Amino acid sequence: FADGTGVGQLRECFVEVKCLATALLDKDLPALLLPENSNVRRKRYPFLSLDKVHCVLEKYAGTGLGEKLMARGSGIIKNDFLMLEKKEVIQLTKIVRMQL
């Protein structure tokens, strides 16, 4: 999309957003957010901001990330992306907050 607009460097404007969205869907995200895995996280997601991950997790702390997404879907549960229960989101939020 960005390349077809003719706007120079528009692709680079979306790099961070794409990185964040991809990371939030990654089933390995809970492990990657642990402090001891910071090097692996940086290699896999070099543009990932923990501040932004923290903000997103705080938004879902009341319901859980998977439940919110499934409420809008067809009701068919797929294991293709990260699904977190409410308590798991709260725990991840604490882990990320400690690293900020």
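The rules behind the values
Residues numbered from 1 in each chain as written. Predicted model: local features only at pLDDT ≥ 70, side-chain atom pairs only at ≥ 80, totals over all residues. Heavy atoms only, no water. Axes fitted to C-alpha atoms, helices over the stretch in contact; angles between N-to-C directions. Helix = DSSP H or I, 4+ residues; strand = E, 2+ residues; numbered from the N terminus. Parallel < 35°, antiparallel > 145°, perpendicular 65-115°, else oblique. Left-handed = near helix turned anticlockwise from the far one by under 90°. Contact = heavy atoms within 4.5 Å. Nonpolar A, V, L, I, M, F, W, Y, C, P; charged D, E, K, R; others polar. Polar contact = N/O pair within 3.5 Å; in protein donor to acceptor, adjacent residues only side chain to side chain. Buried < 20%, exposed > 50% of the residue type's maximum accessible area, 1.4 Å probe, protein only. pLDDT = per-residue confidence, 0-100. Salt bridge = Lys/Arg side-chain N within 4 Å of Asp/Glu carboxyl O.

Caption draft 1: How the structure looks around the packing of helix α2 (residues 15-25) against helix α5 (residues 50-60). Orientation of α2 relative to α5, taken along the N-to-C sense of each, is 50 degrees, at an axis distance of 11 Å. As summarised for this structure, α2 and α5 are arranged oblique, according to the angle between their axes. Crossing geometry of α2 relative to α5 is assigned as right-handed. For the pair formed by α2 and α5, the contact residues are Glu16, Leu20 and Leu24 on the first element and Lys52, Val53 and Val56 on the second. A per-class count over the contact of α2 with α5 returns four nonpolar, no polar and two charged.

Caption draft 2: The arrangement of the packing of α5 against helix α7 (residues 86-99) in detail. Viewed as axis vectors pointing N to C, α5 and α7 meet at an angle of 155 degrees, and their least axial separation amounts to 9 Å. Taken together, the axes of α5 and α7 lie roughly antiparallel to each other. When the axes of α5 and α7 are compared, the crossing they make is left-handed. Of α7, the residues touching α5 (which contributes Leu50, Val53, His54, Leu57, Glu58 and Tyr60) are Val89, Leu92, Thr93, Val96, Arg97 and Gln99. Along the lines of polarity and charge, the residues of the contact of α5 with α7 split into seven nonpolar, three polar and two charged.

Caption draft 3: Looking closely at the side chain of Asp26. With respect to the element layout, Asp26 can be found in the loop between α2 and α3 (29-32). In this structure the side chain of Asp26 is engaged in a polar contact, spanning 2.5 Å, whose partner is the side chain of Tyr45. Once you skip the residues sitting within four places of it in the chain, Asp26 turns out to touch Leu32, Arg44, Tyr45 and Leu82.

Caption draft 4: Highlighting the environment of Val96. Position of Val96 among the secondary structure elements: in helix α7. Owing to a relative accessible area of 0%, Val96 belongs among the buried residues under this scheme. When near neighbours in sequence (up to four residues on either side) are disregarded, Val96 contacts Leu33, Leu50, Val53, His54 and Leu57.

Caption draft 5: Region of the structure containing the confidence of the model for the protein. For the protein, the mean per-residue pLDDT works out to 81, and 76% of the residues sit at or above 70. Mean pLDDT values for the elements of the protein range from 53 in helix α6 (residues 65-72) up to 95 in helix α4 (residues 38-44).

Caption draft 6: Up close: the pattern of salt bridges. This structure, assessed with the given rule, holds three salt bridges. Put simply, Lys52 and Glu16 hold a salt bridge, and the shortest N to O gap is 2.9 Å. Residue Lys52 is found in helix α5, and its partner Glu16 is found in helix α2; the two are separated by 36 residues along the sequence. Looking at Lys52, the relative accessible area reads 39%, which means it is partly exposed. Residue Asp26 is joined to Arg44 by a salt bridge in which the shortest nitrogen-to-oxygen separation is 2.9 Å. Here Asp26 is found in the loop between α2 and α3, whereas its partner Arg44 is found in helix α4, with 18 residues between them in sequence. Bridged by salt links that share partners, the residues Asp26, Asp28 and Arg44 form one connected network.

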